[in-house]
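A structural walkthrough
Here are the chains, one letter per residue:
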Amino acid sequence: MNVLIYLVPLALLLGLTGLVGFMWALKSGQYDDLDGAALRILPDDDIAP
Amino acid sequence: MAETLDLSQFVERNDSGAAHMTLAVDGVGCAGCIRKIESGLNKLPGVIDARLNFTQRRLAVDWRDNEIGAADIIQALEKIGYQAHPFAPERVEADDSRQAKWLLKCLAVAGFAAMNVMLLSISVWSGNVSDMTAVTRDLFHWLSALIALPAAAYAGQPFFQSAWRALRTRQLNMDVPITVGVTLALGLSLYETATHAVHAYFDSALMLLFFLLCGRYLDLAMRRKTKLFAGNLASFKAEFAHRLDSNGELTRLPVSALDPGDRILVQPGELIPADGAVLTGISAIDGSLMTGETTARPVMPGATVYAGSINGAGALTVKVAAAGAGTLVDEVERLLDKAIEAKSRTVRLADRAARLYAPVVHTAAALTCIGWLIAGAPLHFAIVTAIAVLIITCPCAIALAIPAVQVVAAGQLFRSGVILNSGDAIERIAETDTIVFDKTGTLTLPDPVADDCAIDPDLMQRAARLALSSHHPLAAALARRAAKRVPYPGAVEEAGRGVRAPIDGVEARLGSAAFCGLSDAQAARDGDASCIAFAYGGRSALIPIRQSLRPDAIEVVQALRMRGFDLVILSGDRREAVRPIAERLGVTRWLAALTPAEKIALIELLKSQGRRILMVGDGLNDAPALAAAHASLSPITAAHLTQAQADALFLGDRLAPALRAVVVARRARRLMRQNLALAVIYNAIAVPIAIGGLVTPLIAAVAMSGSSILVTLNALRARLAGPREDVTPAKPGDDTVVAAAATRGPSLLPAVQPAFAGHDNAELVP
């Protein structure tokens, strides 16, 4: 059962990373315009011909 | 005349000194629009940043004042092909968006904690039946506690705060049992963990919070979408006034920036932006949006005009009056306050359930504890069992039962063009049995339509094309019929008389009967329509412009009657205008020429007969009646004040959304009741198990999630109310309802007529 000593903290850490990532995305306004974000990827005039 | 546009009211200043403005943009529909608008604006000198929020259809622009102005930006957008309207965000919207963000954060924390605790719990459950040692189990329980306690303290805040608010005012709401349940489940688990027990309930408490937060968030998201939509529409409709400054210059500015005493210029065909007295000019005023009256009222210097009415053929200079006593808007607002005050606060279904549920559950838990003590069980066992009863009764199913249905039904309504204004609109609409309609703008289309049945189509087309050059409201109705939307060159408008232009070398005239060489007697022939005359060469015609019924009004009214609703029309318009409409719709109970106060009196009268009224109206004069009725509905074209009172708004030219609202609401209420019944059945099974002291954490987790999922799935059935069933006649079984309505119907007559016996136009034709 010694494996738990590092597996459990590792699992929790991974979960926490996800949570922090979500909070960061929320705070930086990435959920403010979901429909727009889907469309902004389409035009490709930012690429030099 | 040159005119400057003053938008300073909408412009904010940020820290670096740059100006900032939010614009609601009309006509954005694709990826190309985003690029066109943003690159188009960013190219302008002085613009620092322009970013379009596609979801909200709003554009945020930052610019340096000294290089470019707000009006230039709007003009630039117009040149690219988009109508933009300055937008002043309302406080409510900002509050809602903060609330939504907070709920989302709570949801994220609850979700993270619930998943991780569930991982640990499943290990414990499987370990309990295999070879897990007591030490490992304790470690897992402590780890669960470490995750669950802070997470619940954070994610439970929406419930704790609301429960505290309710308790402080000595009320019970659904959040009280939720808070008690969660706190006790966590407390008990902690105690069990400390005493090295086999069971802990951390996962149940967190799952409960997670499910409930999902419901809350979806509910709020739906309401935000409605408000966003309504907010944009309001800014599209926002009114501007032309202010005549002392030096004779004209400034175009938002109506809210007008001060009493300002002189404003109202062009022919424009909406009068504020109450006031006419200084110069002669015209006729169409007040149909205010009073429902469809004939124009002549005004001259000294006359009082009201905001919201439409100016006729002459330009007017108006001195803005303070919003003092005596104006119509003022009268309406006074009535409104009274109506809102008098409206008995209806208790929501969810709160009613909570009031029943909380005492029953808490008593059951107390009795369990006492019962086990009397039976000779140890104190620890009695308390643990009592808490298990509290947890297993699961506020989850009950707390989700109603919001889940509400979210699904609101989405369903949104798709069919009905947007909800108030949270309990669905419940209240479902409870109504009598529908009161306003006529102008509600049963009829908001804009009048030219009636061309008796007129040569070629002549009609010429008249319609000539009408493009006129500012008169009647001409605007005619101009909509023009196939070729190019005005004739050389058209001249003569104020107060009409417009003339040479067509193929022959003079054509459009306007008053006299202007076109016809006698007034001919024009007066058509009772319920206003006429506009047209003369071209030797030919002439009188074109009646009338309020036309919404295209599906007859079918919708028919379908509503089949569903057992009593229908009444209360209009502010003249009798002669209301009668033909009522006859065509087959509505036998109608009253015309009513003031706002009389409308309220009639609504109160109907209410005193035990009816629950759904008021459908759009005029400013309907606003108090909308507030007084049990539930209310307005077309999106309604006056601003009226919209604010309505429980729901419907879009488009058709009346069908009104029917749809009723159908979906009734179905939703049925589902809410079913859900409550499901929750009761679930409790009937689960509570005896808990009282018997047989609940393990596994049973608790399965029972809680199971009941939540069941209730949510049942709520999804609200989507099944397909559009097809609306206009089809009700099932044969519903005949009893129709019969009941018929027997109840005539009672309206004796009750209403004495009250309005002295009223000239009062007529309730049986």
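Residues numbered from 1 in each chain as written. Chains lettered and ligands numbered in written order. Predicted model: local features only at pLDDT ≥ 70, side-chain atom pairs only at ≥ 80, totals over all residues.

Looking now at the overall build of chain B. The helix and strand inventory of chain B stands at 26 helices and 28 strands. Every one of the 766 residues in chain B was classed for burial, and the buried ones make up 45%. Taking as baseline every contact in chain B between residues at least 6 positions apart, the subset at least 24 positions apart corresponds to 68%. (Helix = DSSP H or I, 4+ residues; strand = E, 2+ residues; numbered from the N terminus. Buried ≥ 20, exposed ≤ 12 C-beta atoms within 10 Å, placed from the backbone. Contact = placed C-beta atoms within 7 Å.)

This part covers the overall build of chain A. Summing up its helical and strand segments, chain A has 2 helices and 0 strands in all. In chain A, which comprises 49 residues, the proportion classed as buried is 0%.

Right, let's talk about the nonpolar core for a bit. Residue and element names in this part refer to chain B. A110, A205, L206, L209 and A661 are the most contacted members of the largest nonpolar core, which has 154 residues in total. When residues of this core are assigned to their parent elements, the largest contribution, 18 residues, is made by helix α23 (residues 656–691). Here this core spans two domains, and each of domain 2 (94–225 + 347–405) and domain 3 (417–445 + 549–766) adds at least three residues to it. Residue contacts for A205: discarding those within four places in its chain leaves A148, A152, V182, A185 and L186. Core analysis: the second largest hydrophobic core is formed by 25 residues, A477, V499, L510 and I543 among them. (Core = buried A, V, L, I, M, F, W, Y, C linked by C-beta atoms within 7 Å. Domains from an automatic or database assignment.)

This brings us to the sheet that holds strand β22 (residues 530–536) of chain B. Residues and elements named next belong to chain B. Spatially, 6 strands are ordered β18-β23-β22-β21-β20-β19 in an open sheet, and the strand pairing comes out antiparallel. The outermost strands of the open sheet, each flanked by one partner alone, are β18 (449–450) and β19 (492–494). Where β19 lies against strand β20 (residues 498–503), 3 bridges are found, and the strand directions are antiparallel. For V492, the partnering residue across the bridge sits in β20 and is R500. (Pairing = 2+ DSSP bridges.)

This part covers the packing of helix α1 (residues 31–42) of chain B against helix α2 (residues 70–80) of chain B. Helix-helix packing: each pair is described by the crossing angle between the helix axes and the interaxial distance. Residues and elements named next belong to chain B. Taken N-terminus to C-terminus, the directions of α1 and α2 make an angle of 135°; their axes are 10 Å apart at the nearest point. In terms of their interaxial angle, α1 and α2 are classed as oblique. Seen along the crossing, α1 lies across α2 with a hand that is right-handed. Residues K36, I37, G40 and L41 of α1 form the contact with α2, whose participating residues are I73, A76, L77 and I80. Residue classes in the contact of α1 with α2 are distributed as 6 nonpolar, 1 polar and 1 charged. (Axes fitted to C-alpha atoms, helices over the stretch in contact; angles between N-to-C directions. Parallel < 35°, antiparallel > 145°, perpendicular 65-115°, else oblique. Left-handed = near helix turned anticlockwise from the far one by under 90°. Nonpolar A, V, L, I, M, F, W, Y, C, P; charged D, E, K, R; others polar.)

The next thing to look at is the environment of W372(B). Residues and elements named next belong to chain B. Structurally, the position occupied by W372 is in helix α10 (residues 349–374). Owing to 21 C-beta atoms within 10 Å, W372 belongs among the buried residues under this scheme. Discounting residues that sit within four places of it in the chain, W372 has contacts with A377, F381, A382 and T385.

Residues and elements named next belong to chain B. On the basis of which strands lie adjacent, the open sheet formed by 7 strands has the order β16-β28-β27-β26-β17-β24-β25 and mixed pairing. Edge positions in the sheet fall to β16 (418–420) and β25 (590–591), since each of these pairs with one other strand and no more. For strand β26 (residues 613–616) and strand β27 (residues 631–635), the ladder comprises 3 bridges, and the chain directions are parallel. Paired with V616 across the two strands is L633, which belongs to β27.

A few words on the environment of R666(B). Residue and element names in this part refer to chain B. Within the secondary structure, R666 sits in helix α23. Judged by C-beta crowding, with 17 C-beta atoms within 10 Å, R666 ranks as partly exposed. For the pair R666 and L250, spaced 416 residues apart in the sequence, the C-alpha separation amounts to 53 Å.

This part covers the confidence of the model for chain B. Looking at chain B as a whole, its pLDDT mean stands at 79, while 85% of the residues score no less than 70. Of the two predicted TM-score estimates for the complex, the pTM is 0.71 and the ipTM is 0.89. (pLDDT = per-residue confidence, 0-100.)

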